[in-house]
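Close look at the chain arrangement
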Amino acid sequence: MSTQFAAKRLSKELSKISSSLPPGIELVSADNFEEWLLDIRVLDNNPLYQNQTYRLKFRFGSSYPIEPPEVVFVKLPDRPIPMHPHIYSNGIICLDLLGQQGWSPVQNVESVCMSLQSMLTGNSKNERPPGDEEFVRGNRLRPKDIEFYYHDNDV
Amino acid sequence: MPPPNTPEGGVTAPTSPPASPTPSQPTSPLTRSEIAELSLPKSSILELDYQSIEYIGPVDETLLCPICRTPFHSPITTPCGHTFCAGCINRALELQSVCPIDRQPINKTRDYCRLPLIVKDQLDRLKVKCPNKGCDHECLREHLEGHYGRRCEFTPVRCPESSCTKYIARRDAKAENGCLHQEFTCRFCEKVLTWEECDDHYDYSCNGATARCEECGKQVMRHRLGKHLSQDCPEAEARCKWHAAGCKVADKRRVVQEHEHSGCTFEVISRLIDQRAEDREMINDLTGRLARLEAASSRRRRPRERREPHNESSLINGSPLNLLSTEATGASNLTRNDDMSPSSGFADDDGAWASPEDYMLAQFERIEGQLEGIRKKMMEMDAHQSLGLLQTTARVNEQLAELGSKVGVLNMHTTWLMNMQRQSHTQQRTASTSTGPPSAGISHAGDTSTTRAVSSETGVRYQAGSRRSSSDGRGEHPPRL
């Protein structure tokens, strides 16, 4: 039943996304209701992200949209991982919106993409999160099982 | 102390969930009923799923639930003013007891309020399509439940086989069909499918071996071969479309089709036959209806008989004597019996009204008869009245005339008497010219007394006066009567 619920909601979103998306967001593939790929670009002249496109991977659980989707950046030859103090070099994003506490079922793929766009736009630090290397080496957990500390709200 | 934003690799210190200010209690009456509504299949039919309904025409964005993105189903408004489907918000609150939009704490027990009816009306008026596959019914959303639950032939209902837990379209759920979920292998493509899917499979998805039509050489699906030969193949033997009407043309289909297009003489006959069949059907239908109405009206008539047993008994005997005797029994029943008799004569003939229309017609006639009777009586009364009036006035007139004539006679008498007196006066005067004026005094007194005597009839006195003056010239001639 809940699987159906997720599929229905996703099919609604898909039909909306297919017809129109905000600038800088593009749907790459949505062949099923489990995993979608989208590309995002930063639209202003932030030198950190100029002329670059990033690939996002959404994975939806059966209880989406009650529970958040798993969203990570994917590294491809032409799709780097953006430099950001909340984005680990393996693509894992630390954003309260994507955690159990920060998520709300009224969010959707489009709004998540826009949040990430604005998160990059507002950033001026060309750095990775502290402990990045260690984390990337050691982490075997899925992003949703990781407990982040959302300490700083200034970026 | 880990640095900020560092993931706790081994989930050593899970942050405790924030204590919700108003702990959620999933045992509130409202929520419980709604949860039950959502999770339990109540009856033998598959619950109508509002999220898979297709809406006709655009739906106002404001009527969409922000969680499921479909128009609200049994909506609920939070104290912070946001509206969600009951099912959606309940599911969301299981995770976090806050409003999904503004994160205000929500207590399920206390804080829910129903949506204004105006919004419910808006939702009810949305046009929807029946979600059942194969059904193309369209209606307002408020009527969908009824269509889906009671009328739609495609609504999934519990399989008639008690051991099977699956659902099947209502029209196929017959005990004699048995369980249509048993699997079998397709004859043509070796695919395993259930009987339920069978038609669909053959029509659309079977990619089994095709067969070659021996007549026209075309490749057709094997299971379609029979249909192809009987309906499509241009080389197969066929008969004229109107063979039922008597056309004898039978040849290869394309020849026959040419014949049909060029105008078969039997087409007209066939149309007539069709028309006749239609008429017959209508006649049958009407006869059936008539019979039903007759039955119904005879049922309706029975209580009436019970109500007026005494009328009916007299009418069934049908003798006017009986009618008279009934009339004698009571003055109140008299008119009723009288008026019932013409219409109930008809009722006697066949025992029951043929239809409610006939019954009404009879009632109408009865009332008309009554009216006619009343009108006659009125006329009679009118005539009687005027006759009586005439009689009374005639007598009065006669009396008046008599009185008039009497007065006339009296008048004449008085005039004659007065003249007589005057004459006697003048005679006295002529006689007393020698005796002197004192006699004139006496005569004067006598004259006034005469005038006083007749003063009771004024008209007469004047007449007398005028007569007196006119008769002056005539001298002593006595007045004529």
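This one's a predicted model, so the numbers in the text were calculated from it and none came from an experiment.

Cut-offs used in this document
- Residues numbered from 1 in each chain as written.
- Chains lettered and ligands numbered in written order.
- Predicted model: local features only at pLDDT ≥ 70, side-chain atom pairs only at ≥ 80, totals over all residues.
- Heavy atoms only, no water.
- Helix = DSSP H or I, 4+ residues; strand = E, 2+ residues; numbered from the N terminus.
- Buried < 20%, exposed > 50% of the residue type's maximum accessible area, 1.4 Å probe, protein only.
- Contact = heavy atoms within 4.5 Å.
- Areas by Shrake-Rupley, 256 points an atom, 1.4 Å probe, with all protein chains shown as cover.
- Core = buried A, V, L, I, M, F, W, Y, C linked by side-chain atoms within 4.5 Å.
- Patch = residues over 30% accessible without salt bridge, like charges linked within 9 Å, V, L, I, M, F, W, Y side chains within 5 Å.
- Salt bridge = Lys/Arg side-chain N within 4 Å of Asp/Glu carboxyl O.
- Lys, Arg positive; Asp, Glu negative; His and termini not counted.
- Charge placed at Lys NZ, Arg CZ, Asp CG, Glu CD.
- Phe/Tyr/Trp six-rings, centres within 6.5 Å; stacked < 30°, edge-to-face > 60°.
- Lys NZ or Arg CZ within 6 Å of the ring centre and 35° of its normal.
- Pairing = 2+ DSSP bridges.
- Axes fitted to C-alpha atoms, helices over the stretch in contact; angles between N-to-C directions.
- UniProt positions renumbered as here; feature names shortened; annotations may be inferred.

Side note on the overall build of chain B
When helices and strands are counted, chain B shows 15 helices and 14 strands. Counting over 481 residues, chain B shows a buried share of 30%. Put simply, 35% of the contacts in chain B that link residues at least 6 apart link residues at least 24 apart. In the structure as shown, chain B presents an accessible area of about 31,800 Å², 56% of it carried by carbon and sulfur atoms.

Some remarks on the overall build of chain A
From N to C terminus, chain A includes 3 helices and 4 strands. Starting at the N terminus and walking to the C terminus, you meet the elements of chain A as α-β-β-β-β-α-α. Taking all 155 residues of chain A together, the buried fraction comes to 48%. In the structure as shown, chain A presents an accessible area of about 7,600 Å², 47% of it carried by carbon and sulfur atoms.

What about the nonpolar core?
Formed by 37 residues in total, the largest nonpolar core has its most connected members in B:Cys65, B:Ile67, B:Phe84, B:Cys88 and B:Leu144. Contributions of two or more residues to this core are made by strand 3 (83-85), helix 2 (86-95), helix 4 (117-124) and helix 5 (141-151) of chain B. Top contributing element to this core by residue count: helix 2 of chain B, with 5 residues. The contact partners of B:Cys88, leaving out residues within four places of it in the chain, are A:Phe5, A:Ile66, B:Gln51, B:Cys65, B:Ile67 and B:Cys68. In this structure, A:Leu10, A:Tyr54, A:Phe60 and A:Trp103 belong to the second largest nonpolar core, which totals 30 residues.

What to know about a negative patch on the surface
Together, B:Glu214, B:Glu215, B:Glu237 and B:Asp251 line one region of the surface with negative charge. Since its relative accessible area comes to 80%, B:Glu214 is described here as exposed.

So, the environment of B:Ser230
Structurally, B:Ser230 can be placed in helix 7 (residues 225-232). Relative accessible area serves as the criterion here: at 46%, B:Ser230 is assigned to the partly exposed category.

Re the packing of aromatic side chains
The tally for this structure, following the rule as stated, stands at 7 aromatic pairs over all chains. Ring plane angle 25 degrees and centroid distance 6.0 Å describe the contact between A:Phe58 and A:Phe60, whose orientation is recorded as stacked. Arranged with centres 6.1 Å apart and planes meeting at 40 degrees, the rings of A:Tyr64 and A:Trp103 form a pair that is tilted. Of the two residues, A:Tyr64 is situated in the loop between strand 3 (53-59) and strand 4 (70-74) and A:Trp103 in the loop between strand 4 and helix 2 (109-121); the sequence distance between them amounts to 39 residues. Both residues of the pair, A:Tyr64 and A:Trp103, count as buried. Among the aromatic residues, those joined into a ring-pair cluster are A:Trp36, A:Phe58, A:Phe60, A:Tyr64 and A:Trp103. Over the aromatic face of A:Phe5 sits the side chain of B:Arg91, whose NZ or CZ is 3.9 Å from the ring centroid.

Focus: the sheet that holds strand 2 (residues 35-41) of chain A
Residue and element names in this part refer to chain A. The antiparallel open sheet is built from 4 strands, whose spatial order is 1-2-3-4. A strand with exactly one partner marks an edge of an open sheet, and here the two such strands are strand 1 (25-29) and strand 4. With strand direction ignored, the average angle separating the axes of adjacent strands in the sheet is 30 degrees. Taken together, the 7 bridges between strand 2 and strand 3 define a ladder with antiparallel strand orientation. Along strand 3, the bridge assignment pairs tryptophan 36 with phenylalanine 58. Packed on one face of the sheet, helix 2 meets strand 1, strand 2, strand 3 and strand 4 and runs near 35 degrees to strand 2.

Considerations on the pattern of salt bridges
All names here are of chain A. All told, the structure shown has 13 salt bridges over all chains when counted by the stated rule. A salt bridge links aspartate 39 to arginine 55; the nearest nitrogen and oxygen atoms lie 2.6 Å apart. Here aspartate 39, found in strand 2, pairs with arginine 55, found in strand 3; they are 16 residues apart in sequence, far enough to count as distant. Given a relative accessible area of 7%, aspartate 39 falls into the buried group. The residue aspartate 39 makes a salt bridge to arginine 79 at a minimum N-O spacing of 2.8 Å. Remark: arginine 79 occurs in the loop between strand 4 and helix 2 and aspartate 39 occurs in strand 2; sequence separation between them is 40 residues. On the basis of relative accessible area, arginine 79 is assigned to the buried category, the value being 15%. Here the salt bridges do not stand alone but share partners, grouping Asp39, Arg55, Asp78 and Arg79 into one network.

Details of the UniProt feature "domain: RING-type" (unreviewed entry) in chain B
When the UniProt feature table is mapped to this numbering, "domain: RING-type" (unreviewed entry) covers residues 65-103 of chain B. As annotated, residues 65-103 of chain B has a helix share of 26% and a strand share of 15%, and its two end C-alpha atoms lie 16 Å apart.

Here we look at the sheet that holds strand 1 (residues 54-55) of chain B
If you trace the 3 strands from one edge of the open sheet to the other, you get 1-5-6 (chain B), paired in antiparallel fashion. The sheet is open, and its two edges are formed by strand 1 and strand 6 (138-140) of chain B, each paired on a single side.

What to know about helix 5 of chain B
For an α-helix the count is 3.6 residues per turn, leaving residues at separations of three or four pointing the same way. The complete set of buried residues in helix 5 of chain B reads B:Arg141, B:Leu144, B:Gly146, B:His147 and B:Tyr148. Among the structural elements, strand 1, helix 4, strand 5 (127-129), strand 6 and strand 7 (156-158) of chain B are those in contact with the buried residues of helix 5 of chain B.

Comments concerning the pairing of strand 1 of chain A
Residues and elements named next belong to chain A. Bridge analysis of strand 1 against strand 2 gives 4 bridges, and the strand direction is antiparallel. The residue bridging leucine 27 from the neighbouring strand is leucine 38, located in strand 2. Between the end of strand 1 and the start of strand 2, which pair antiparallel, lie 5 residues.

Notes on the side chain of A:Glu13
With respect to the helices and strands, A:Glu13 occurs in helix 1 (residues 2-19). Residues in contact with A:Glu13, not counting those within four places in the same chain, are A:Trp36, A:Tyr64, A:Asn108 and A:Val109.

Re unusual backbone geometry
Backbone torsion omega between A:Tyr64 and A:Pro65 reads 5 degrees, so that peptide bond is classified as cis. With respect to the helices and strands, the residue A:Pro65 is situated in the loop between strand 3 and strand 4. The phi dihedral of B:Ser74 falls on the positive side, at around 40 degrees, and the residue is not glycine. For B:Ser74, the position within the fold is in the loop between strand 1 and strand 2 (75-77). A residue is classified by how much of its surface remains accessible, and B:Ser74, at 22% relative accessible area, is partly exposed. Non-glycine residue B:Arg103 carries a positive phi angle of around 65 degrees. Note on placement: B:Arg103 falls in the loop between helix 2 and helix 3 (108-111).

A few points about a nonpolar patch on the surface
All names here are of chain B. A cluster of nonpolar side chains, contributed by Val268, Ile269, Leu272 and Ile273, occupies part of the molecular surface with about 360 Å² of accessible area. You can see isoleucine 273 is positioned in helix 9 (residues 266-307). Taking the relative accessible area as the measure of exposure, isoleucine 273 reaches 44% and is therefore partly exposed.

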